[in-house]
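Chain residues, written in single-letter form:
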Amino acid sequence: LIEQLDVHPMILVCFVAFEGIAMVAMGSNIDKRMGSNIDKWLLLLVIIAGMFCLDMSLLILVVFQRWANFETNVTRFLAKGAYGVYLLHPIVVTGTTQLYLNVPIEGINERQSAYFYPL
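Bear in mind that the values here come from a model prediction, so they are computed numbers and not experimental data.

### Here's the deal with the overall build of the protein
Here's step 1: On a plain count of helices and strands, the protein comes out with four helices and zero strands.
Here's step 2: In sequence order, the protein lays out its α and β elements as α-α-α-α.
Here's step 3: Intrachain contacts of the protein at a sequence separation of at least 6 include 56% that bridge at least 24 residues.
Here's step 4: Here the protein displays about 10,000 Å² of accessible surface, and carbon together with sulfur accounts for 68% of that area.

See the structure below:
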């Protein structure tokens, strides 16, 4: 994978760091920027989050290809159970996400749907 990328892995690390810092900075100040331009700020935040997701995925692949490309008894044992994880993890992830999104927030009417975002 490293040979196929057009960018050096350290530059990829810099991209991930910059995008992560930008998301945290924008997300923490989003309430102060409420107003007529909120849609533009949210669009920019979503675009940066998308780039972060792609770059972080590539970085994780590069790191694991470089430093975790080996086989032991433990990795063989985990590989045997991988198919079951593929089958069961959507149920666990969607159930946990549903519970997470329905966290009751103080001061919001129970009939309204409230979403909890950590940023």
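What follows continues from the structure just given.
### Digging into the confidence of the model for the protein
Parts of the model with low pLDDT should not have their predicted coordinates read in detail.
Here's step 1: Of all residues in the protein, 78% attain a pLDDT of 70 or more, and the chain-wide mean is 82.
Here's step 2: The secondary structure element of the protein with the lowest average pLDDT is helix H4 (residues 82-101), at 86, and the one with the highest is helix H3 (residues 73-80), at 92.

### Quick word on helix H2 (residues 38-67)
Given 3.6 residues per turn, any residue in an α-helix points the same way as the ones three and four places further on.
Here's step 1: Taking 1.5 Å of rise per residue, the 30 residues of H2 would be expected to cover 44 Å, and the 42 Å separating its terminal C-alpha atoms lies within 8% of that figure.
Here's step 2: All of the buried residues along H2 are Ile-38, Leu-45, Ile-48, Asp-55, Leu-59 and Val-62.
Here's step 3: Buried-residue contacts for H2 involve helix H1 (9-28).

### Considering the packing of H1 against H2
Here's step 1: Running from N to C, H1 and H2 cross one another at 145°; their axes reach a closest spacing of 9 Å. As for the relative orientation of H1 and H2, their crossing is left-handed in sense. Counting all contacts with H1, which are made through Pro-9, Leu-12, Val-13, Phe-15, Val-16, Glu-19, Gly-20, Ala-22, Met-23, Met-26 and Gly-27, the residues of H2 involved are Trp-41, Leu-44, Leu-45, Ile-48, Ala-49, Met-51, Phe-52, Asp-55, Met-56, Leu-58, Leu-59 and Val-62.
Here's step 2: The residue inventory of the contact of H1 with H2, partitioned by class, reads 19 nonpolar, two polar and two charged.

### Points about the side chain of Glu-19
Here's step 1: By the element assignment, Glu-19 lies in helix H1.
Here's step 2: One polar contact links the side chain of Glu-19 to the main-chain amide nitrogen of Phe-52, over a distance of 3.3 Å.
Here's step 3: Setting aside chain neighbours within four positions, we find Glu-19 in contact with Ile-48, Met-51, Phe-52 and Asp-55.

### Examining a nonpolar patch on the surface
Here's step 1: Together, Tyr-83, Tyr-86, Leu-87, Leu-88, Ile-91 and Val-92 make up an exposed nonpolar region whose accessible area comes to about 730 Å².
Here's step 2: The residue Tyr-86 is located in helix H4 in this model.
Here's step 3: Judged by its relative accessible area of 59%, Tyr-86 falls in the exposed class.

### Structural notes on the pattern of salt bridges
Here's step 1: One pass over the full model with this rule turns up one salt bridge.
Here's step 2: The partner of Glu-71 in a salt bridge is Arg-76, with the nearest N and O atoms 2.7 Å apart.
Here's step 3: Overall, the relative accessible area of 39% leaves Arg-76 in the partly exposed class.

### Remarks on the environment of Ser-57
Here's step 1: Here Ser-57 shows up in helix H2.
Here's step 2: Exposure remark for Ser-57: the relative accessible area of 38% places this residue in the partly exposed category.
Here's step 3: Sequence separation between Ser-57 and Val-16 is 41 residues, and the spatial gap between their C-alpha atoms is 9.7 Å.

### As for the side chain of Asp-55
Here's step 1: Within the secondary structure, Asp-55 sits in helix H2.
Here's step 2: With residues near it in sequence (within four places) discarded, Asp-55 still touches Leu-12, Phe-15, Val-16 and Glu-19.

Thresholds applied
Residues numbered from 1 in each chain as written. Predicted model: local features only at pLDDT ≥ 70, side-chain atom pairs only at ≥ 80, totals over all residues. Heavy atoms only, no water. Helix = DSSP H or I, 4+ residues; strand = E, 2+ residues; numbered from the N terminus. Contact = heavy atoms within 4.5 Å. Areas by Shrake-Rupley, 256 points an atom, 1.4 Å probe, with all protein chains shown as cover. pLDDT = per-residue confidence, 0-100. Expected span 1.5 Å × (residues − 1). Buried < 20%, exposed > 50% of the residue type's maximum accessible area, 1.4 Å probe, protein only. Axes fitted to C-alpha atoms, helices over the stretch in contact; angles between N-to-C directions. Left-handed = near helix turned anticlockwise from the far one by under 90°. Nonpolar A, V, L, I, M, F, W, Y, C, P; charged D, E, K, R; others polar. Polar contact = N/O pair within 3.5 Å; in protein donor to acceptor, adjacent residues only side chain to side chain. Patch = residues over 30% accessible without salt bridge, like charges linked within 9 Å, V, L, I, M, F, W, Y side chains within 5 Å. Salt bridge = Lys/Arg side-chain N within 4 Å of Asp/Glu carboxyl O.

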